[in-house]
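What the coordinates show
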Amino acid sequence: MRPIIVPPSQDIKAFQEVLKTSKNVIAVAGAGLSAASGIPTFRGAGGMWRKYVATDLATPEGFEDSPSLVWQFYHYRRESARKASPNDAHRTLAAFSQPQIRQRIAPGATFTLITQNVDNLSPRANNELAEHLPPGQYQEPSLFEMHGRLFDVLCTNEVCKHVEFNLASPICDGLAGTEDLVEQGVIDPIVDENKLPRCTKCGSLARPGVVWFGEMPHKLEQIDEIVGKADLCLVVGTSSVVYPAAGYAHQVKANGGKVAVFNLEKTDGDRKSDFRFLGACEEILPKALG
Ligand code: BV8
Ligand code: ZN
């Protein structure tokens, strides 16, 4: 006899009751969190991976084959992320990361945001909130950018390994204007490799500070420890296909915790979730966590 799978609840009030009794809450976020900020997602409708083969662009081998092609793509992503602003979903998660705000809806619970996004919008939402809170009230949130950061620039020299946060637009003269070509889907390696970003310390070729396929995501041990203690996992705007991030909700479930999905569309991973709120997370999350 096939086990009867109870469909996920869509009842926000019931979700808020669970929230009230949760002790350790995590949120796993993906590109859908930033969609309303104008940052294209990877796989959904309009997803940018549709035009480009992800494995050609987001892998060490892709960078090895053509650093120009990969830098043109990440320059385009940097420029679009620079022009973007945090949306209501980023702001809701930033507010929920503050204990004195979270107390109202999840008294005594801890909260950690684990984002796959590299666009710097969650840190910006946190910083904007910090500016609006009375001095001394803001507490550094528990935030993991597990796939790295677009605006981190890493040295490729194994000895130097210099890292710097760099918001320059363009990051180097050689890439200026190529973002329009990428926007039109034209992506050939047109920038001379000698004109690509260099390490400011040793002059070696630099690379975007993101985690590519096959590379180890950041701070996995700390994340695994936090996931292991979570009794509620929010899944926000992710197709849940990239591991290890896609496995965290299952882990919380397996540990007896609950899972609430906030996504525009159904995904394979969410059939067994306890709650599923289909729609724009920038509209639903403020209601659910507000
Ligand atoms: C690793 C960084 C070893 C740079 C990215 C076979 C099985 C299982 C795993 C693997 C396998 N083969 C290979 C692997 C490992 C691989 C992997 O998972 N591959 C997949 C494709 C099968 N993973 C890795 O390589 C990782 N490293 O495994 O190391 C290891 C690990 C652990 C322990 C030991 C060893 C590294 C993965 C990181 C890759 N880097 N990006 C960059 O951004 O360019 S991945 C890329 O995909 C982004 O980071 C992105 O965040 C991530 C996931 O995509 P999503 O965020 O989900 O975005 P997507 O567009 O897919 O979905 C958006 C969703 O939002 C949609 O559902 C849409 O409907 C919804 N949405 C849209 N608008 C809204 C919305 N929802 C709500 N509101 C809206 N408004
Ligand atoms: Zn260097």
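This text gives an overview of the structure that appears in the document. It should be emphasised that the depicted structure is a prediction, and the values quoted were computed from it without experimental measurement. (Residues numbered from 1 in each chain as written. Chains lettered and ligands numbered in written order. Predicted model: local features only at pLDDT ≥ 70, side-chain atom pairs only at ≥ 80, totals over all residues. Heavy atoms only, no water.)

What follows covers the overall build of the protein chain. A count of helical and extended segments in the protein chain gives 11 helices and 9 strands. Against the compact-globule benchmark of 19 Å for 290 residues, the protein chain has a radius of gyration of 20 Å, which places it among compact chains. Put simply, of all contacts in the protein chain between residues at least 6 apart along the chain, 76% involve residues at least 24 apart. For the protein chain, the accessible surface area stands at approximately 14100 Å², while carbon and sulfur atoms represent 52% of it. Put simply, the protein chain has 30 plus and 34 minus side-chain charges, and the middle of one group is 7 Å from the middle of the other. (Helix = DSSP H or I, 4+ residues; strand = E, 2+ residues; numbered from the N terminus. Rg over C-alpha atoms; globule rule 2.2 N^0.38 Å. Contact = heavy atoms within 4.5 Å. Areas by Shrake-Rupley, 256 points an atom, 1.4 Å probe, with all protein chains shown as cover. Lys, Arg positive; Asp, Glu negative; His and termini not counted. Charge placed at Lys NZ, Arg CZ, Asp CG, Glu CD.)

Moving on, we come to the coordination of the zinc ion (ligand 2). Taken together, Cys155 (SG), Cys160 (SG), Cys199 (SG) and Cys202 (SG) make up the full set of protein donors to the zinc ion (ligand 2), lying 2.2 to 2.3 Å away. Seen from the zinc ion (ligand 2), its 4 donor atoms lie at angles of 99 to 114°, and the figure they make is tetrahedral. For the zinc ion (ligand 2), all donor residues lie on one chain, and their spacing in sequence is C-x4-C-x38-C-x2-C. Of this pair, Cys155 sits in strand β4 (residues 148-155) while Cys199 sits in the loop between α8 (178-183) and β6 (206-210), placing them 44 residues apart in sequence. The residues Cys155 and Cys199 share a single accessibility class, namely buried. (Donors = N, O, S within 2.8 Å, 3.2 Å for Na, K, Ca; no water. Tetrahedral: all angles 85-135°; square planar, octahedral: opposite > 155°, others 65-115°. Buried < 20%, exposed > 50% of the residue type's maximum accessible area, 1.4 Å probe, protein only.)

Helical geometry note: an α-helix holds 3.6 residues per turn, so side chains three or four residues apart project in the same direction. Helix length check: helix α7 (residues 121-132) (12 residues) gives 17 Å between terminal C-alpha atoms against 16 Å at 1.5 Å per residue, within 8%. Turning to α7, its buried residues are Leu121, Ser122, Pro123, Ala125, Asn126 and Leu129. (Expected span 1.5 Å × (residues − 1).)

Inspection of the secondary structure puts Val235 in strand β7 (residues 232-236). When its relative accessible area of 7% is taken as the criterion, Val235 is described as buried. The spatial distance from the C-alpha of Val235 to the C-alpha of Arg276 is 9.2 Å, given a sequence separation of 41 residues.

On to the site of ligand 1. Close to ligand 1 lie 36 residues; Phe42, Arg43, Gly214, Thr238 and Ser239 are nearest. Ser239 has a polar side-chain atom sitting 2.6 Å from an oxygen atom of ligand 1. For ligand 1, whose accessible area on its own is 1500 Å², the fraction buried by protein is 76%. When residues of the shell around ligand 1 are traced back to their parent elements, those giving at least two are α4 (67-83) and α11 (281-289). Residues belonging to the shell around ligand 1 are distributed by class as follows: 19 nonpolar, 12 polar and 5 charged. (Near = heavy atom within 4 Å. Polar contact = N/O pair within 3.5 Å; in protein donor to acceptor, adjacent residues only side chain to side chain. Nonpolar A, V, L, I, M, F, W, Y, C, P; charged D, E, K, R; others polar.)

In terms of residue burial, strand β2 (residues 110-115) counts as a mostly covered element, since 5 of its 6 residues are buried. Across 6 bridges, the pairing between strand β1 (residues 24-29) and β2 is parallel. Bridge pairing links Val28 to Ile114 in β2. Examined bridge by bridge, β2 and strand β3 (residues 142-145) share 4 bridges and lie parallel to one another. Across the sheet, residue Thr115 finds its bridge partner in β3, namely Glu145. One crossover worth recording links β2 to the parallel β3 by way of α7, and it is right-handed. (Pairing = 2+ DSSP bridges. Right-handed = clockwise from strand over helix to strand, strands pointing away.)

Topologically, Arg78 is positioned in helix α4. Glu79 is the oppositely charged side chain nearest to the buried, salt-bridge-free Arg78, at an N-O distance of 5.2 Å. When sequence neighbours within four positions are dropped, the list of residues in contact with Arg78 reads Trp71, Leu150, Phe151, Val153, Asn166, Leu167, Ala168 and Ile171. (Salt bridge = Lys/Arg side-chain N within 4 Å of Asp/Glu carboxyl O.)

Reading across from one edge, β3-β2-β1-β7-β8-β9 is the order of the 6 strands in this open sheet, with parallel pairing throughout. Every other strand in the sheet has two partners, leaving β3 and β9 (275-278) as the edge strands with one partner each. Sheet twist, expressed as the average angle between the axes of neighbouring strands with direction ignored, equals 15°. Relative to β7, β1 runs parallel, the two sharing 5 bridges. Paired with Val28 across the bridge in β7 is Val235. Across the face of the sheet, α11 comes into contact with β7, β8 (258-263) and β9 while running at roughly 140° to β8. (Axes fitted to C-alpha atoms, helices over the stretch in contact; angles between N-to-C directions.)

This is a description of form; function is not addressed.
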